[in-house]
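The residues making up each chain are set out below.
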Amino acid sequence: MGHSHAMDASIAWMNSAETFVFLNHAHRGEKTNSAFISEGNALEFYLMGAEGNPKKLQKKLSELTGYTPMPPVHSLGYHFSKWEQNSAHQIVERNEDFTHFGFPVDVFWFDSEYAQDYQYGEFDHKRFSQDDVMHMNEQVHHSGRRFVIAADPHIRASHDYFMYKEGLAKQGKMVDDHHISSLFVRDPTATKAYEGESRAGSSVWVDFLNDSACDYWKDLFHPSVFKGTNYMYGVWNDMNEPSVFKSHDDHSQVGMPMSNTHMTSDGDILQHRWIHNAYGALQQRATFQGLLRRDRGQQRPFLLSRSFFFGSQRYGTVAAGSNHAKFEDVELSVNQLLSLGVAGIVNAGHDVPGYTGVPEDDLFVQFYQLGAYMPFFRANSKKGFEMREPWLQSPRV
């Protein structure tokens, strides 16, 4: 987007393949030049302009990619999250502590550690027994608070896991005379499901380009499938670039091989390289529709996605990425959220007071002061930096 006193103009470059943008800034009276390069796909872009009014430009972009719906009221409050191995008892204690110390909170988050062997849609049997989960739900409901729970796109490749077993049974089957079911992303030969490494170990990935896979995913959020959950639970689509680990022992995130393949319901085969940047938004849409189906359209869904694309604002909130407990990251968060807003993604936020690191007192205070004005205000921390409850901090904080 370009801005001047006379007019505003922007380019919406809509390409889900790998894309590079080069900006040659003006100097010595020359004009600024921009170059957009995508690996492939159809050439689709939109030029928009408005005379001296950036709001008109934003309206045109919203008409093109969709408007942001009214979020649920509780999602506008304070969210508390940790990447840790928690339990139903621990959440009940945390709920009581927030009440005892008089610190307002609206939503408690579950990262992937809640799941039985990282099998999303299934609580850990020991730390979250059904009786304990029901008690946890009652206590948090009584306090007027909600939950958000992780549901990542990687599926543990184990025949003990119902999603993997049922997905393989549906893989490549004819739904009717014209449509094929293909639940998992395929390898470069398109003959079998691709297996890679994730938090869950050896995993497969849901193919959200296939209608049958999306329908199956939507049904997973019903309480009859995801036992223990109900209308109180929003969803967190994490690791959905999609992230693939380098190896079983090396958890560096390298991304899905671009030569992997997707199969549409019509039987068409597409390489992953052509849809990579839209994969997270496809999962986000399916999750949004699944929550609507679960609640029979009676409440506005809440979901957070780590990966997003044009139009993601229609389905929920986005995470602006893992950050650090550093003063420069406070400034960076402002720049990034404003840039996302210009691109139509207005409901976003950063981890407060930094996902990694140990914030000093002034930084802790400053990040919280800024977080209160973010559209999405969540405290979140990585393993090893767990002592983030406000009442555990210094008197200054």
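Quick caveat: nothing in here was measured; it's all calculated off a predicted structure. (Residues numbered from 1 in each chain as written. Predicted model: local features only at pLDDT ≥ 70, side-chain atom pairs only at ≥ 80, totals over all residues. Heavy atoms only, no water.)

**Q** For the overall build of the chain, give the residues involved together with the corresponding values.
**A** A count of helical and extended segments in the chain gives eight helices and 23 strands. Since a compact globule built from 397 residues should have a radius of gyration of about 21 Å, the 22 Å found for the chain is in line with a globular shape. Taking the principal axes of its C-alpha atoms as reference, the chain extends roughly 70 × 65 × 45 Å. With 397 residues in all, the chain has 51% of them scored as buried. (Helix = DSSP H or I, 4+ residues; strand = E, 2+ residues; numbered from the N terminus. Rg over C-alpha atoms; globule rule 2.2 N^0.38 Å. Buried < 20%, exposed > 50% of the residue type's maximum accessible area, 1.4 Å probe, protein only.)

**Q** Explain the sheet that holds strand 6 (residues 78-80) to me, using residue names and the numbers behind them.
**A** One open sheet accounts for nine strands, arranged 21-20-19-16-10-7-6-23-22; its pairing is parallel. A strand with exactly one partner marks an edge of an open sheet, and here the two such strands are strand 21 (348-349) and strand 22 (351-352). With three bridges connecting them, strand 6 and strand 23 (residues 377-379) associate as parallel partners. Within strand 23, the residue paired with F80 across the bridge is A379. Sheet contacts for helix 3 (residues 130-142): strand 7 (107-110), strand 10 (146-150) and strand 16 (233-237); angle to strand 10, the most-contacted strand, approximately 135 degrees. Lying over the sheet, helix 6 (residues 279-294) contacts strand 16, strand 19 (303-305) and strand 20 (317-319), oriented at roughly 170 degrees with respect to strand 16. (Pairing = 2+ DSSP bridges. Contact = heavy atoms within 4.5 Å. Axes fitted to C-alpha atoms, helices over the stretch in contact; angles between N-to-C directions.)

**Q** Mind laying out the packing of helix 7 (residues 327-342) against helix 8 (residues 361-371), listing which residues take part and the relevant values?
**A** Interhelical geometry of helix 7 versus helix 8 gives an angle of 10 degrees and a closest axis separation of 10 Å. Compared by their axis directions, helix 7 and helix 8 come out roughly parallel. Contact residues: F327, D329, V330, S333 and V334 in helix 7; D362, L363, Q366, F367 and L370 in helix 8. Per-class residue counts for the contact of helix 7 with helix 8 are six nonpolar, two polar and two charged. (Parallel < 35°, antiparallel > 145°, perpendicular 65-115°, else oblique. Nonpolar A, V, L, I, M, F, W, Y, C, P; charged D, E, K, R; others polar.)

**Q** Give a description of the pattern of salt bridges that names residues and reports values.
**A** Scanning all chains against the criterion turns up 16 salt bridges. R94 is the salt-bridge partner of E84, the closest N and O atoms lying 2.9 Å from each other. Of this pair, E84 sits in the loop between strand 6 and helix 2 (88-100) while R94 sits in helix 2, and the two are ten residues apart along the sequence. As far as burial versus exposure is concerned, E84 and R94 are alike and both buried. In this structure, D238 and R306 form a salt bridge, with 3.6 Å as the shortest nitrogen-oxygen distance. In this pair, D238 sits in the loop between strand 16 and strand 17 (261-263) while R306 sits in the loop between strand 19 and strand 20, placing the two residues 68 residues apart along the sequence. By relative accessible area, D238 is classed as buried at 5%. Here the salt bridges share partners, and the residues they tie into one network are K82, E84, R94 and E389. (Salt bridge = Lys/Arg side-chain N within 4 Å of Asp/Glu carboxyl O.)

**Q** An account of the nonpolar core is needed here, citing residue identities and associated values.
**A** Counting 77 residues, the largest nonpolar core has F110, Y114, M136, F147, I155, W217 and Y233 as its most contacted members. Ranked by the residues each element gives to this core, the list is headed by helix 6, at five residues. Apart from the residues within four sequence positions on either side, I155 is in contact with Y161, M163, Y164, F184, S202, S203, V204, V206 and W217. Counting residues in each nonpolar core, the second largest holds six residues, with A12, M14, A50 and L61 among its members. (Core = buried A, V, L, I, M, F, W, Y, C linked by side-chain atoms within 4.5 Å.)

**Q** Give a description of helix 8 that names residues and reports values.
**A** Those residues of helix 8 that fall on the buried side of the exposure criterion are L363, F364, V365, F367, Y368 and G371. Where helix 8 is buried, its residues touch strand 6, helix 7, strand 22 and strand 23.

**Q** Report on the pairing of strand 10, specifying residues and quantitative values.
**A** The buried fraction of strand 10 is high, at five of five residues. Judged by which residues are buried, strand 10 turns out to be covered on both faces: R146, V148 and A150 on one side and F147 and I149 on the other are all buried. For strand 7 and strand 10, the ladder comprises four bridges, and the chain directions are parallel. Along strand 10, the bridge assignment pairs F108 with F147.

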